[in-house]
Each structure stands twice: as structure tokens, then as C-alpha cells.
Amino acid sequence: MKRIREMLGIKQEALAFELGDDWTQKKVSLLESKETIDDALLEQVANVLEVPVEAIKNFSEEGAITYFNNFNEGSINNGTVGSTNYNCNFNPIDKIVELYERMLKEKNELIDKLLNDRK
């Protein structure tokens, strides 16, 4: 989970913010150090990172490097991962930009709310 978050350029603080009010950077750090993660929580993290749960469960450094290298060439392992055929029809950079835009919007809404509460 940590490596995928890092590859996406997402800080622990940002992930904690996206996971909700109960989350802090320290709690994300502790979660990343666990050997196993509850399936429901893993799904929530995968949704925030906008990656399939299987990508986190089956992560390998070599596989991720191959994925990003091949993606830049227009295909992912020639369209095949294991025995399953995948055709990537989105640009991961667009997904990262969407995530940052959503996070920025939520941060601005939170700031506005905090400022309005002070009045």
C-alpha cells in the first residue's frame, strides 16, 4: 500500500484526509506497517487511491515498474497480465490530477467551514 501511495505521489496526510475524520498521518503510517489489512479497510484505501484492491494485494516492485514503463509505450504487458487480458483505457496522470483536484476542493471546503464556524 505504501509503495503504491508513494508512486502516485500522495502523502500520508492526504490519504488520511481522504479516509475521513478518524484518520491521521500517524494512523496511516501504522496501517502501512501492518502485515495484513482488513478487507473492508483495504477496499476503502484502494478506492481513495483509485486502484483495484488486487493491485495492493498483489503488489510487486518489479511489476509496478513494468506497468509504468509499458504504459508509457502505450500498452500494459502487451495487454496481458497473467492469464487475464486488460486494456487500459485511461491515463493514470488524469486520475492523479482528478484526485488532487478533489482533495484540493475538499480542503478548501473544510477551510471555509472552519472560517465560518469562527464567525
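Procedures and definitions
Residues numbered from 1 in each chain as written. Predicted model: local features only at pLDDT ≥ 70, side-chain atom pairs only at ≥ 80, totals over all residues. Heavy atoms only, no water. Helix = DSSP H or I, 4+ residues; strand = E, 2+ residues; numbered from the N terminus. Polar contact = N/O pair within 3.5 Å; in protein donor to acceptor, adjacent residues only side chain to side chain. Contact = heavy atoms within 4.5 Å. 1 Å grid on protein atoms, 1.4 Å probe; cavity = no way out; pocket = protein on both sides within 12 Å on 5 of 7 lines; lining within 4 Å. Points joined across faces, edges and corners; volume = space filled by probe spheres on them. Nonpolar A, V, L, I, M, F, W, Y, C, P; charged D, E, K, R; others polar. Buried < 20%, exposed > 50% of the residue type's maximum accessible area, 1.4 Å probe, protein only. Salt bridge = Lys/Arg side-chain N within 4 Å of Asp/Glu carboxyl O. Core = buried A, V, L, I, M, F, W, Y, C linked by side-chain atoms within 4.5 Å.

A. Region of the structure containing the side chain of Glu-32. Position of Glu-32 relative to the elements: it lies in helix α3 (residues 25–32). In terms of polar contacts, Glu-32 uses its side chain to reach the side chain of Arg-5, at 2.5 Å. Each residue touching Glu-32, except ones within four places of it in the same chain, is listed here: Met-1, Lys-2, Arg-5 and Gln-12.

B. The layout of surface pockets, seen in detail. If you add up the space inside the second largest pocket, you get close to 180 Å³. Mapped onto the lining of the second largest pocket, the elements with two or more residues apiece are α3 and α5 (53–57). Among the residues making up the lining of the second largest pocket, the classes are represented as five nonpolar, one polar and four charged.

C. Representation of unusual backbone geometry. Phi is positive for Glu-50, close to 60 degrees, though the residue is something other than glycine. Relative to the helices and strands, Glu-50 resides in the loop between α4 (39–49) and α5.

D. Examining the side chain of Gln-12 more closely. For Gln-12, the position within the fold is in helix α2 (residues 12–19). On the basis of relative accessibility, which here comes to 13%, the residue Gln-12 falls in the buried class. Within polar-contact distance, the side chain of Gln-12 engages the side chain of Glu-32 at 2.8 Å. Setting aside its immediate chain neighbours within four residues, Gln-12 contacts Arg-5, Gln-25, Val-28, Ser-29 and Glu-32.

E. Representation of the pattern of salt bridges in the model. Scanning all chains against the criterion turns up seven salt bridges. Between Arg-102 and Glu-18 there is a salt bridge, with its nearest N and O atoms 3.2 Å apart. With Arg-102 in helix α7 (residues 92–118) and Glu-18 in helix α2, this residue pair connects regions lying 84 residues apart in the sequence. Owing to a relative accessible area of 30%, Arg-102 belongs among the partly exposed residues under this scheme.

F. Local environment of the nonpolar core. By size, the foremost hydrophobic cluster in this structure holds 23 residues, and its most contacted members are Leu-15, Val-45, Leu-49 and Ile-56. Going through the elements one at a time, α2, α3, α4, α5 and α7 are the ones with two or more residues in this core. Broken down by element, the residue count for this core peaks at six residues, all from α4. Ignoring anything within four residues of it in the chain, the contact list for Ile-56 reads Met-1, Ile-4, Leu-42, Val-45, Ala-46, Leu-49 and Val-51.

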